[in-house]
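# A structural walkthrough
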2 protein chains.
Amino acid sequence: MSQQAVNGVSCRGKVLTVENMNPNVKRVEYAVRGPIVQRAVQIEKELREGVKKPFTEVIKANIGDAQAMGQRPITFFRQVLVLCSYPELLEDNKFPEDAKKRARRILDACGGHSIGAYSASQGIECIRQDVARYIERRDGGIPSNPDNIYLSTGASDAIVTILKLLVCGEGRDRTGVMISIPQYPLYSAALADLAAVQINYYLDEDNCWSLNVAELKRALNEAKQHCKPRVLCIINPGNPTGQVQSRQCIEDVIQFAKEEHLFLMADEVYQDNVYAEGCKFHSFKKVLFEMGPEYSSTVEMASFHSTSKCYMGECGFRGGYMEVINMDPEVKAQLTKLVSVRLCPPVPGQALLDLVVNPPQPDEPSYTLFTKERTAVLATLAEKARLTEEIFNEVPGITCNPVQGAMYTFPRITLPQKAIDKAKAEGKVPDMFYCMKLLEEEGICLVPGSGFGQKDGTFHFRMTILPPTEKLKVVLQKIRDFHLRFTNEFS
Amino acid sequence: MSQQAVNGVSCRGKVLTVENMNPNVKRVEYAVRGPIVQRAVQIEKELREGVKKPFTEVIKANIGDAQAMGQRPITFFRQVLVLCSYPELLEDNKFPEDAKKRARRILDACGGHSIGAYSASQGIECIRQDVARYIERRDGGIPSNPDNIYLSTGASDAIVTILKLLVCGEGRDRTGVMISIPQYPLYSAALADLAAVQINYYLDEDNCWSLNVAELKRALNEAKQHCKPRVLCIINPGNPTGQVQSRQCIEDVIQFAKEEHLFLMADEVYQDNVYAEGCKFHSFKKVLFEMGPEYSSTVEMASFHSTSKCYMGECGFRGGYMEVINMDPEVKAQLTKLVSVRLCPPVPGQALLDLVVNPPQPDEPSYTLFTKERTAVLATLAEKARLTEEIFNEVPGITCNPVQGAMYTFPRITLPQKAIDKAKAEGKVPDMFYCMKLLEEEGICLVPGSGFGQKDGTFHFRMTILPPTEKLKVVLQKIRDFHLRFTNEFS
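Residues numbered from 1 in each chain as written. Chains lettered and ligands numbered in written order. Predicted model: local features only at pLDDT ≥ 70, side-chain atom pairs only at ≥ 80, totals over all residues. Heavy atoms only, no water.

By the naming in an unreviewed UniProt entry, chain A goes by alanine transaminase and is assigned to Xiphophorus maculatus. Here is the UniProt Pathway (unreviewed entry) comment for chain A, exactly as written: "Amino-acid degradation; L-alanine degradation via transaminase pathway; pyruvate from L-alanine: step 1/1." (UniProt positions renumbered as here; feature names shortened; annotations may be inferred.)

This is the structure in structure tokens:
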């Protein structure tokens, strides 16, 4: 019997193979951590093992990971986290009173007064209240209901959850989801996983990556031929493109969503990252409410925020929230049920989020230091945004829109035909060929534009502006030199 | 145009309704945080608002949340976490040297030496190495490869990820997944979400909830008529049933999985929670390798562990790992890609996991305190396991298997026919009717057996053994009184 079984199994091979696994998973792609990053990790290992390279370190400008690039955490945030993790220190006079006050409040809201207990699945109640008050302050007093706030494991978690609620139907009735191109590949990955239909609308590179409603209409009308469009996703400020939407543009998008009966998903995780003069962050929620009850009482929306970006850059804690607006109460009950299966978002991330939405106030002891740290981070980012645009635009063959916000630049690169041919001969996408060569020769890790989507025949890369200023200058210099050399080599 | 659109929308109603949402999500159920828990939260609120009740507090014995029930965190673990969050304290002589050493090692492995940076998606490399060494020690030297370790956001995350890889096909070709009944409802919820086919195999209540292969065969053969069974899930020690599988039983299960060409999922999150005399935790991995290369080189398996249970009970940190064994390398590459979309598990949870798998050693300063705390928690749990069985079995109409391991008891309750009729008349499942009445009258929150699955015509509830001993005695007393009163009322 046993020998028979062995033969049986050996004929049948593995239970789980790449041929018989979930086909949706196979379709998932996530360039931000794709092959180029894997190669970068390998090169780092080779460097450690003493392999000679034309550089001594790999600079990873592929991912918005501020603290990995040397940004220091906000002192107040970490102080409160420490007090929450180890309440014995509440007696220690090393810690300021406002940090202790915040920690006590969070601990009082935790089961057994410990952040080691599960929280409510929707998130700790007093933190959801703080989030609602933060949103109200941000949006000039437009009310926010803590019952509409769901804390999450980073923003990604909440985005995937909302998409999951929305996707249904088969064939031509399958849910279509509109996403910008270029996009942040979490969206395409989640849509592949859910077998939803991805509807691409293109941002206008010639106009600072702006979004225009005519293009939304074009994309929607084409998509209606083969799926049921239900969702419109917007990233503002933009990732990977760094644009900041104007108030008028947001109003146009909301009107479009209403007319076309679309659920709006507003990814606003870079809401504090606005640098360009004349640009300002307008939340979709605020604009929606300013458009009057005809809109504010009908348009369904979810807005997402995270502790990973802005001035805090606490990616490792996986904190975040979403606010749902005009969601059908029965659907909300389903959402609450769905998030309960994963028990709760990480409680340290929830605590951190609480500090982001409830930072030190002018009359509190930590206010001065907090404000100084926050301002310094944002001022440095603004300076680096300017620097990046300026230096790239001096390079023949690189054109770069202003980095109005977020943490990325997405410059367009002109590649010689010979390079394109060489890439194709090697079975590589041309901008992957370019980025891989840059990595091998200069030790700089970027993400090819093809990982985010781009108009056919155009090539880009995404680079974060997060390396420290002096290192960023070196990176920009190296890319410039490489680009000229590359252009020369293939001309 | 705008008015038209308004009318249009008002005719069409919401974009997202409970009728047109993802039907898989609607099928998801998760009793551990279901309606009875929602009512418990409501009652707590009423108590705070001064509403008079026959009790002064709600005791939540519905969920394995040790610290919420007053269990104190392990001092060493929290010390290291604090040092990781706020490295300034590495200079503080309040903290022992071994805690500092662990913290430095973790920080050195973090981007920018900060737990605020993203980690590798599979988890921090040196922590995966520590996990592999832990597994090797646990399993008497059987090798474990850090490349096969994936850190996760609690065990739930990893379980859902593996199921996601495995589910495919349509109609009669749809993947079938075997789960025990009673089960932990994460499994049924994940299967509903993935639209996989749930194949129930029943544990043998008359034999301490043991698993027998004849029942596995019965369930499998029936399921083959309507789906493609590919996966066998085991929870050992058992949740909600508290049994600990014998070595022989594990061997039988592995042989069955091999013969029937099934992927094994071993949920081993309670591996330190074994109380009954003569019982011992045997990992599936160890038994697999002891069965010889015919098995150890062919049977595909994933084993799951978590920081939420055992002696540490750090649920809020959402730490965990899985080890995959004999997974096809191409599938593993797909798994690595899939987890990268969510960027990384929470880094504080990863750090905590590192301490669980690499605790203080006999020659280190924290060893004595650590061992004392660990032993005390496990000894108290063992005492409460014994007490629970003893007291329940004294009550006419309640029968209770020994709590050999895990954190739960799943006693069977005899309900009078009149009560069953009354429940049905109210549209309630009888054991939900019972538990809801218990909650209203005594303030004790349990989960009805129907939330986990049970043989038709039998009724149970799940209760955790986590309340402090004196409170547990009160709980057991109150349930006894309630049960007698209930039986009386409906006789």
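On we go from here.
Residue and element names in this part refer to chain B. The strand order across the open sheet built from seven strands is 2-8-7-6-5-3-4, with neighbouring strands paired in mixed fashion. Single-partner strands in this sheet number two, and they are strand 2 (149-153) and strand 4 (197-202). Each strand of the sheet is rotated relative to its neighbour by a mean of 25 degrees, with strand direction disregarded. As paired elements, strand 6 (residues 263-267) and strand 7 (residues 301-306) share four bridges and run parallel to each other. Among the inter-strand pairings, Leu 264 is bridged to a residue of strand 7, identified as Met 301. Contacts between helix 6 (residues 125-138) and the sheet are confined to strand 2, strand 7 and strand 8 (319-325), with strand 2 contributing the most and set at about 110 degrees to the helix. (Pairing = 2+ DSSP bridges. Helix = DSSP H or I, 4+ residues; strand = E, 2+ residues; numbered from the N terminus. Axes fitted to C-alpha atoms, helices over the stretch in contact; angles between N-to-C directions. Contact = heavy atoms within 4.5 Å.)

To continue, consider the pairing of strand 8 of chain B. Residue and element names in this part refer to chain B. For strand 8, the tally of buried residues reaches seven of seven residues, placing the bulk of the element in the interior. By the alternation rule, side chains of strand 8 split into Gly 319, Tyr 321, Glu 323 and Ile 325 and Gly 320, Met 322 and Val 324, which are all buried. Strand direction decides the pairing type here: strand 2 and strand 8, joined by five bridges, are antiparallel. The residue bridging Ser 152 from the neighbouring strand is Gly 320, located in strand 8. Where strand 7 and strand 8 come together, six bridges link them in antiparallel fashion. (Buried < 20%, exposed > 50% of the residue type's maximum accessible area, 1.4 Å probe, protein only.)

This brings us to the packing of aromatic side chains. Summed over the entire model, instances satisfying the criterion amount to 32 aromatic pairs over all chains. Each ring, one from Trp 209 of chain A and one from Phe 410 of chain A, has its centre 5.7 Å from the other, and the planes form 65 degrees; the classification is edge-to-face. Taken as a pair, Trp 209 of chain A in the loop between strand 4 (197-202) and helix 9 (213-223) and Phe 410 of chain A in the loop between strand 10 (408-409) and strand 11 (412-413) lie far apart in primary sequence, 201 residues in all. Each member of the pair, Trp 209 of chain A together with Phe 410 of chain A, is buried. Put simply, the rings of Phe 392, Phe 433, Tyr 434, Phe 461, Phe 482, Phe 486 and Phe 490 of chain A pair up and form one aromatic cluster. Directly above the ring of Tyr 408 of chain A sits Arg 462 of chain A, whose terminal nitrogen or CZ lies 4.0 Å from the centroid. Over the aromatic face of Tyr 295 of chain B sits the side chain of Lys 258 of chain B, whose NZ or CZ is 5.5 Å from the ring centroid. (Phe/Tyr/Trp six-rings, centres within 6.5 Å; stacked < 30°, edge-to-face > 60°. Lys NZ or Arg CZ within 6 Å of the ring centre and 35° of its normal.)

Residue and element names in this part refer to chain A. Annotation of chain A at the domain level lists domain 1 (23-70 + 371-489), domain 2 (79-116) and domain 3 (118-357). A separation of 27 Å is found between the C-alpha centroids of domain 1 and domain 3. Carbon and sulfur atoms make up 57% of the area that domain 1 and domain 3 hide from each other, which totals about 3000 Å². Seen at the junction of domain 1 and domain 3, the total is two salt bridges. (Domains from an automatic or database assignment. Buried area = accessible area lost by both parts, 1.4 Å probe. Salt bridge = Lys/Arg side-chain N within 4 Å of Asp/Glu carboxyl O.)

Our focus in this paragraph is the pairing of strand 7 (residues 301-306) of chain A. In terms of burial, strand 7 of chain A is largely enclosed, as six of its six residues are buried. Burial along strand 7 of chain A is two-sided: the residues Met 301, Ser 303 and His 305 of chain A and Ala 302, Phe 304 and Ser 306 of chain A are all buried.

The next thing to look at is helix 6 of chain B. All names here are of chain B. Here helix 6 is 14 residues long and its end C-alpha atoms lie 20 Å apart, about the 20 Å a rise of 1.5 Å per residue gives. Those residues of helix 6 lying buried are Cys 126, Ile 127, Arg 128, Asp 130, Val 131, Ala 132, Tyr 134 and Ile 135. On its buried face, helix 6 sits against helix 5 (97-108), strand 2, helix 11 (284-290), strand 7, strand 8 and helix 14 (347-357). Phi turns positive one or two residues past the end of helix 6, at Gly 140, with a value near 65 degrees. (Expected span 1.5 Å × (residues − 1).)

On to the relation of the copies chain B and chain A. Structural alignment of chain B on chain A gives an RMSD of 0.0 Å, achieved by rotating through 180 degrees and translating 0.0 Å along the axis. Classification of the inter-copy transformation places it as that of a two-fold axis. Taking C-alpha positions as reference, the residue of chain B nearest the rotation axis is Val 82 of chain B, located at 2.6 Å. With an isologous cut-off of 70% or more, the 99% of interface residues of chain B that recur at the interface of chain A puts this contact in the isologous class. (Least-squares fit on C-alpha atoms with pLDDT ≥ 70 in both.)

Right, let's get into the nonpolar core. In terms of nonpolar packing, the biggest core is built from 280 residues, with Ile 162 of chain A together with Ile 162 of chain B touching the most fellow members. Apart from the residues within four sequence positions on either side, Ile 162 of chain A is in contact with Phe 263, Met 265, Ala 302, Phe 304, Met 322, Val 324, Met 327 and Leu 335 of chain A. Val 58, Leu 415, Ile 444 and Leu 476 of chain B belong to the second largest nonpolar core, which has 40 residues in total. (Core = buried A, V, L, I, M, F, W, Y, C linked by side-chain atoms within 4.5 Å.)

Before going further, it helps to examine the pattern of salt bridges. Tallied over the full model, the rule gives 72 salt bridges over all chains. Of the charged contacts, one joins Glu 97 of chain A and Lys 100 of chain A as a salt bridge, the two residues approaching to 3.9 Å between their closest N and O atoms. One end of the pair is Glu 97 of chain A and the other is Lys 100 of chain A, both in helix 5 (residues 97-108) and three residues apart, which spans about a single turn. Across the pair Glu 44 of chain B and Lys 60 of chain B runs a salt bridge, and its minimum N-O distance is 3.2 Å. Residue Glu 44 of chain B is found in helix 3 (residues 35-48), and its partner Lys 60 of chain B is found in strand 1 (residues 59-60); the two are separated by 16 residues along the sequence. Owing to a relative accessible area of 25%, Lys 60 of chain B belongs among the partly exposed residues under this scheme. Within the structure, one salt-bridge network assembled from shared partners comprises Lys 437, Glu 441, Glu 442, Arg 485 and Glu 489 of chain A.

Residue and element names in this part refer to chain A. Read from one edge of the open sheet, seven strands run 2-8-7-6-5-3-4, paired in mixed fashion. Strands at the two margins of the open sheet, each flanked by one partner only, are strand 2 (149-153) and strand 4. For this sheet, the mean angle separating the axes of adjacent strands, direction not counted, is 25 degrees.

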